[in-house]
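Each chain is listed here by its residues.
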Amino acid sequence: MAPEPMREPQTAAFPATKIAPFLRAVVDPEGKGDLTPEQAAAIQQVEANVRRRDEPK
Amino acid sequence: MQVRQAREQYVRWLRITRELSPHTVRAHEGDIATFERHVGARALVGPHRWGCLLAFIEAQRAAGLAPSSIRRRASGLRGFCRWLLAAELLELDPWVGRTVAAGRARELPRVVAWHDLERARAPLWLCQDAGCLRLPVDSGGFWSWGGWLGPNCSRVVASGLADRCAVRQSLPPMSLGAAGQFDRLLREIREARAQLPAEHRNLLAQIGTQEGVVEDWPTGVQDLFRSVQEMPPSDAALVNAAAVWLDGLRTVVFNGPLMQAATTGLTDASRKQLVAYIAWHEYGHALSLTRSTHEQRRSGVRLLGLLSDGMRASIDYPAGYGRLQVFDEIIATVYALLISRIRTDGYGVPEFLHPEIVQAFKEVIPWPPSQ
């Protein structure tokens, strides 16, 4: 039995580069800089992690 | 007025006022004609209630119609009822507050390496022709997975029958080398799901939403696409994705290695919170993708301009998303925000959310949830 032809995918991706901005959107939705030091540190850490991952090895 | 007469008028209205292709109009007409046959040639418009519509949907399901066709048919009837209401041929729209869950939950296996299956000596039936794996389950029936498990199949830590039935007894639990590596991530994602309001959890269950963590990204997720006969996105399209929604499997899969790299150095509490936020976003996204209409998606770019600065900055349009993807992103972001605030604000909606955003959100996701 011949296999069915593959359909076009319907994908919706959450890109790595969106992680930090999205975190900021949740904890500081109005963009006023109302972050606790812990939240700010966590977002900076995630940004650095994602940046490091993108750097050529 | 008879349903037949109303259908004819509706189709005429569609042709004149909507920019629909002849094919789409024919499809709508066909859907309503099918309903007309169900209720009888002389049925009148007035008496139709939700029970009648529900019986029709159930009959379609019983007839073996594909979930996608049932959803389209339900959508066609929904539009028809809206028109009847506007034309004052109906006093109440029977669809208000109702949803049709046509999707069947597709159970994902804990995908295992071929040699593990052999080692387990589980009684299994490999249907080469159908390209599926069949395993006996407690009920005495079989559990089939339409995907192809080849010798190089990917390992996926995913929800599925393996957690709940005899398959688990047949397979060595988590004896897959590094396969336990992302257990914690999957557990935290599921904990985040468990924190959602019961009504939303039920909706997700009706849609058949599942979650998984893929460790050999992007090959693993590409295999999942192939398993439902979908052409997988390229490596380049997937390599920087932290999570992807697979519509064919109704599953959100997380990129295990990327999530691990992104959360390195965070405290346990921060990492858990981050995972929960992303999971809530993805569940909101799943709800929006499966419940929003094309019409609503067309409003996405306009609504984006009404978002607060902090939220708008997280939606990378036009570079990151297409015009019709923006709406679902907005709903998903608002969803994560509202869920994250339940503990402090209850089900209140913050004032900085524009009324039109709130309205659009409530049209897709019940808020405040009823349960």
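Keep in mind the model is a prediction, meaning the values are calculated, not measured. (Residues numbered from 1 in each chain as written. Chains lettered and ligands numbered in written order. Predicted model: local features only at pLDDT ≥ 70, side-chain atom pairs only at ≥ 80, totals over all residues. Heavy atoms only, no water.)

**What to know about the overall build of chain A**
- Each helix and strand counted, chain A has two helices and one strand in total.
- Put simply, chain A has 57 residues, and 33% of those count as buried. (Helix = DSSP H or I, 4+ residues; strand = E, 2+ residues; numbered from the N terminus. Buried < 20%, exposed > 50% of the residue type's maximum accessible area, 1.4 Å probe, protein only.)

**Digging into helix α16 (residues 326–345) of chain B**
Residue and element names in this part refer to chain B.
- Between its first and last C-alpha atoms α16 spans 27 Å; for 20 residues at 1.5 Å apiece the expected length is 28 Å, and the two agree.
- Among the 20 residues in α16, 14 count as buried, and that is most of the element.
- Two residues or fewer past α16, Gly346 is found with a positive phi of approximately 65 degrees. (Expected span 1.5 Å × (residues − 1).)

**Points about the side chain of B:Glu211**
Residues and elements named next belong to chain B.
- Examined against the element boundaries, Glu211 turns out to sit in strand β5 (residues 210–214).
- Judged by its relative accessible area of 4%, Glu211 is buried.
- At 2.8 Å, the side chain of Glu211 forms a polar contact with the side chain of Arg193.
- A polar atom in the side chain of Glu211 sits 2.6 Å from the side chain of Tyr283. (Polar contact = N/O pair within 3.5 Å; in protein donor to acceptor, adjacent residues only side chain to side chain.)

**What about the pairing of strand β7 (residues 251–255) of chain B?**
All names here are of chain B.
- Within β7, five of the five residues are buried, leaving the element largely enclosed by the surrounding structure.
- The sheet contact formed by strand β6 (residues 241–246) and β7 spans four bridges and is antiparallel. Each bridged residue has a counterpart across the sheet, and for Val244 the counterpart in β7 is Val253. (Pairing = 2+ DSSP bridges.)

**Some remarks on the packing of helix α8 (residues 198–207) of chain B against helix α12 (residues 268–291) of chain B**
Residue and element names in this part refer to chain B.
- As a packed pair, α8 and α12 sit with axes 10 Å apart at the nearest point and diverge in direction by 60 degrees. When the interaxial angle is binned, α8 and α12 end up oblique. For α8 against α12, the interelement crossing comes out left-handed. When α8 is examined against α12, the residues Leu203, Leu204 and Ile207 are found in contact with a partner set consisting of Tyr283, Ala286, Leu287, Thr290 and Arg291.
- Split by residue class, the contact of α8 with α12 holds six nonpolar, one polar and one charged. (Axes fitted to C-alpha atoms, helices over the stretch in contact; angles between N-to-C directions. Parallel < 35°, antiparallel > 145°, perpendicular 65-115°, else oblique. Left-handed = near helix turned anticlockwise from the far one by under 90°. Contact = heavy atoms within 4.5 Å. Nonpolar A, V, L, I, M, F, W, Y, C, P; charged D, E, K, R; others polar.)

**A short note on the packing of aromatic side chains**
Residue and element names in this part refer to chain B.
- The tally for this structure, following the rule as stated, stands at 10 aromatic pairs over all chains.
- When the centroid spacing of 5.9 Å and the interplanar angle of 20 degrees are considered together, the rings of Tyr10 and Trp13 count as stacked. Taken together, the positions of Tyr10 and Trp13, both in helix α1 (residues 3–17) and three residues apart, correspond to about one turn of that helix.
- Taking relative accessible area as the criterion, Tyr10 reaches 3% and is therefore assigned buried.
- Ring pairs connect the aromatic residues Tyr10, Trp13, Phe80 and Trp83, which therefore count as one cluster. (Phe/Tyr/Trp six-rings, centres within 6.5 Å; stacked < 30°, edge-to-face > 60°.)

**Structural notes on the interface of chain A and chain B**
- Across the contact, 33 residues belong to chain A and 48 residues belong to chain B.
- Inspection of the region where chain A meets chain B yields one salt bridge.
- For the salt bridge of B:Glu329 with A:Lys18, the shortest nitrogen-to-oxygen distance reads 2.8 Å.
- Where the side of chain A that touches chain B is concerned, the elements lending two or more residues are β1 (11–15), α1 (19–27) and α2 (37–54) of chain A.
- Here the side of chain A that touches chain B is built from residues that sort into 20 nonpolar, five polar and eight charged. (Salt bridge = Lys/Arg side-chain N within 4 Å of Asp/Glu carboxyl O.)

**A few points about the pattern of salt bridges**
All names here are of chain B.
- One pass over the full model with this rule turns up 18 salt bridges over all chains.
- Note that Arg341 and Asp345 form a salt bridge whose closest N and O atoms lie 3.2 Å from each other. Of the two residues, Arg341 and Asp345 are both situated in helix α16; the distance of four residues between them amounts to about one turn of the helix.
- With relative accessibility at 39%, the residue Asp345 sits in the partly exposed group.
- Each of Arg184, Glu188, Asp268 and Arg271 takes part in one network of salt bridges that share partners.

**As for the environment of A:Arg24**
- Mapped onto the secondary structure, A:Arg24 falls in helix α1.
- For the pair A:Arg24 and A:Asp34, spaced 10 residues apart in sequence, the C-alpha to C-alpha distance is 9.7 Å.

**A closer look at the confidence of the model for chain B**
- Of all residues in chain B, 73% have pLDDT values of 70 or greater, and the mean over the chain is 75.
- Our summary of model confidence lists the complex with pTM equal to 0.62 and ipTM equal to 0.87. (pLDDT = per-residue confidence, 0-100.)

**What about the packing of α1(B) against helix α2 (residues 22–39) of chain B?**
Residues and elements named next belong to chain B.
- The contact between α1 and α2 brings their axes to 10 Å, and the two run at 170 degrees. Considered as vectors, α1 and α2 are oriented roughly antiparallel to each other. Where α1 abuts α2, its residues Val3, Arg4, Arg7, Tyr10, Val11, Leu14 and Arg15 lie against Val25, His28, Glu29, Ile32, Ala33, Glu36 and Val39.
- Residue composition of the contact of α1 with α2, by class: eight nonpolar, one polar and five charged.

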